[in-house]
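Per-entry structural report
Below, each chain spelled out in residue letters.
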Amino acid sequence: KNPEMSKKGKAFKVNPNLLVAVIGDEATVAGLLLTGMGERNRKGQANFLIVDKDTTKKDIEETLAFFLQRDDIGIILINQNVANEVRDVIVEHNEVIPTILEIPSKEVPYDPQKDSIMQKAARQLYGADHMDQAQ
């Protein structure tokens with residue numbers, strides 16, 4: 001097991017104890033919490049946010065920004081419909097870790113055309129010309 005990975009030609013070490021964070025609807029978060037991924041640190045800070053009709057865009061933005069700054073989080077799972085609310089923050093994030101992954105919710109199916117991370121990966125793999133032809 002080699003903990004070094006390539007990041008634009010530079011090697012970096014990955015902490016094998018990184019957490020998975022989740023921002024999503026109640027069904028998504030509850031399901032993931034039942035797998036045992038929920039965590040509260042010594043300060044009482046959780047690695048999840050349940051988004052409901054009363055959750056504001058500001059709440060989502062602040063939680064996502066907080067998760068992006070934490071050094072103990074390696075992956076952030078976010079329902080795609082929630083990600084659409086904070087798309088600008090997701091597009092600006094260029095680091096490998098934490099990785100942001102958009103996932104479907106129970107109510108809204110996944111649409112790869114709206115996933116900015118998948119679009120960025122496709123452009124890097126296939127080039128911008130190919131992406132224009134696919135649309």
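How each quantity is defined
- Residues numbered from 1 in each chain as written.
- Predicted model: local features only at pLDDT ≥ 70, side-chain atom pairs only at ≥ 80, totals over all residues.
- Heavy atoms only, no water.
- Helix = DSSP H or I, 4+ residues; strand = E, 2+ residues; numbered from the N terminus.
- Contact = heavy atoms within 4.5 Å.
- Phe/Tyr/Trp six-rings, centres within 6.5 Å; stacked < 30°, edge-to-face > 60°.
- Buried < 20%, exposed > 50% of the residue type's maximum accessible area, 1.4 Å probe, protein only.
- Salt bridge = Lys/Arg side-chain N within 4 Å of Asp/Glu carboxyl O.
- Pairing = 2+ DSSP bridges.
- Arc of directions from axis to C-beta.
- Polar contact = N/O pair within 3.5 Å; in protein donor to acceptor, adjacent residues only side chain to side chain.

Following the sequence through the fold, Gln80 ends up in helix α3 (residues 80-83). Every residue in contact with Gln80, bar those within four places of it in the chain, is listed here: Arg87, Glu102, Ile103, Pro109, Tyr110, Asp111, Lys114 and Asp115.

Okay, the packing of aromatic side chains next. Across all of its chains, the model carries one aromatic pair by this definition. Residues Phe66 and Phe67 carry aromatic rings whose centres are separated by 6.4 Å and whose planes lie at 45° to one another, so their mutual orientation is tilted.

Here the focus is unusual backbone geometry. A cis amide bond links Ile97 to the next residue, Pro98, at an omega of 0°. Among the structural elements, Pro98 can be located in the loop between α4 (87-92) and β6 (99-103).

Attention now goes to the side chain of Arg87. Counting through the fold element by element, Arg87 comes out in helix α4. Classification of Arg87 by relative accessible area gives buried; the value is 17%. For Arg87, the residues in contact, after removing those within four places along its chain, are Gln80, Glu102, Lys114, Asp115 and Ser116.

Now for the pattern of salt bridges. Inspection of the entire model under this criterion finds five salt bridges. Residues Glu62 and Lys58 are paired through a salt bridge, measuring 3.8 Å at the closest nitrogen-oxygen approach. Taken together, the residues Glu62 and Lys58, both in helix α2 (residues 57-69) and four residues apart, mark about one turn of the helix. Residue Glu62 is classed as partly exposed on the basis of its relative accessible area of 44%. Its relative accessible area of 53% is what places Lys58 among the exposed residues. The partner of Arg70 in a salt bridge is Asp72, with the nearest N and O atoms 2.8 Å apart. For Arg70, a relative accessible area of 9% translates into the label buried. Judged by relative accessible area, which is 24%, Asp72 ranks as partly exposed.

Glancing now at the pairing of strand β5 (residues 73-79). In terms of burial, β5 is a largely internal element, six of the seven residues being buried. Two elements, strand β3 (residues 19-24) and β5, share five bridges in a ladder whose sense is parallel. The partner of Val22 across the bridge, within β5, is Leu77. Two strands pair when backbone bridges link them, and β5 and β6 are joined in this way by five bridges, in the parallel orientation. Each bridged residue has a counterpart across the sheet, and for Leu77 the counterpart in β6 is Leu101.

All right, on to the environment of Asn17 then. With respect to the element layout, Asn17 can be found in the loop between β2 (10-13) and β3. When the C-alpha atoms of Asn17 and Asp72 are compared, they prove to be 7.5 Å apart, with 55 residues separating the residues in sequence.

An α-helical turn contains 3.6 residues, so a residue and the one three or four places further along point in the same direction. Considered for burial, the residues of helix α5 (residues 116-126) that qualify are Ser116, Gln119 and Ala122. Buried residues of α5, viewed axially, fall in a sector of 120°; they line one side. Away from its buried face, by an angle of more than 90 degrees, α5 presents the exposed residues Gln124 and Leu125. The opening residue of α5 is Asp115, an N-cap whose side-chain oxygen sits 3.2 Å from the backbone nitrogen of Met118.

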